[in-house]
Amino acid sequence: MWKSLVAAVALLAVSGSAHAASAVNKDAETRTLIVTEGGSKTELALAGGETVEFCQNGCFVTLPNGDLEALTGSETVEISGGVARIK
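A brief structural summary. (Residues numbered from 1 in each chain as written. Predicted model: local features only at pLDDT ≥ 70, side-chain atom pairs only at ≥ 80, totals over all residues. Heavy atoms only, no water.)

### Some remarks on the overall build of the protein
Argument step 1. Per the secondary structure count, the protein includes one helix and eight strands.
Argument step 2. Going from N to C terminus, the protein has its helices and strands arranged as α-β-β-β-β-β-β-β-β.
Argument step 3. Within the protein, the fraction of its 87 residues that count as buried is 30%.
Argument step 4. Long-range contacts, defined here as pairs at least 24 residues apart, represent 44% of the contacts in the protein between residues at least 6 apart.
Argument step 5. Approximately 5,700 Å² of the protein is accessible, and the part contributed by carbon and sulfur atoms is 56%. (Helix = DSSP H or I, 4+ residues; strand = E, 2+ residues; numbered from the N terminus. Buried < 20%, exposed > 50% of the residue type's maximum accessible area, 1.4 Å probe, protein only. Contact = heavy atoms within 4.5 Å. Areas by Shrake-Rupley, 256 points an atom, 1.4 Å probe, with all protein chains shown as cover.)

### A few points about unusual backbone geometry
Argument step 1. At Cys55, a position not held by glycine, the phi torsion is positive, near 60 degrees.
Argument step 2. For Cys55, a relative accessible area of 3% puts it in the buried group.

### As for the pairing of strand β7 (residues 76–80)
Remark: a regular strand shows side chains that alternate across the two faces of the sheet.
Argument step 1. Bridging between strand β1 (residues 21–25) and β7 involves four bridges; their strand directions are parallel. Its bridge partner being in β7, Ser22 is matched across the sheet by Thr76.
Argument step 2. With four bridges connecting them, β7 and strand β8 (residues 83–86) associate as antiparallel partners. If you follow Ser80 over to β8, its bridge partner there is Val83.
Argument step 3. Counted along the chain from β7 to the antiparallel partner β8, the turn is two residues long, and its residue Gly81 has a positive phi close to 65 degrees. (Pairing = 2+ DSSP bridges.)

### Considering the side chain of Ser22
Argument step 1. As for its position among the elements, Ser22 is in strand β1.
Argument step 2. Ignoring any residue separated from it by four or fewer positions in sequence, one finds Ser22 in contact with Val52, Glu53, Phe54, Glu75, Thr76 and Val77.

Honestly, that's just the spatial picture; any functional story needs more than this.
Printed below as a string of structure tokens:
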């Protein structure tokens with residue numbers, strides 16, 4: 001009985017955890033990403049040193065240089081020197 005309960009709780013914990021992409025702004029000034037998710041566009045302004053999570057179910061992101069990238073929700077967008085890199 002206890003083994004079944006522990007297994008059920010572990011399964012819920014794993015399936016309940018959401019994956020999201022993250023963005024890290026290593027610059028001192030604010031940088032903006034444009035996120036298109038589910039057909040709607042939003043501007044994601046990251047202050048200097050800020051890290052945010054976004055894009056839980058896949059999305060497109062327009063980087064500061066204008067490049068458009070598709071994300072699945074597990075990547076990290078790192079901005080440094082005004083340049084964004086996806087890791």
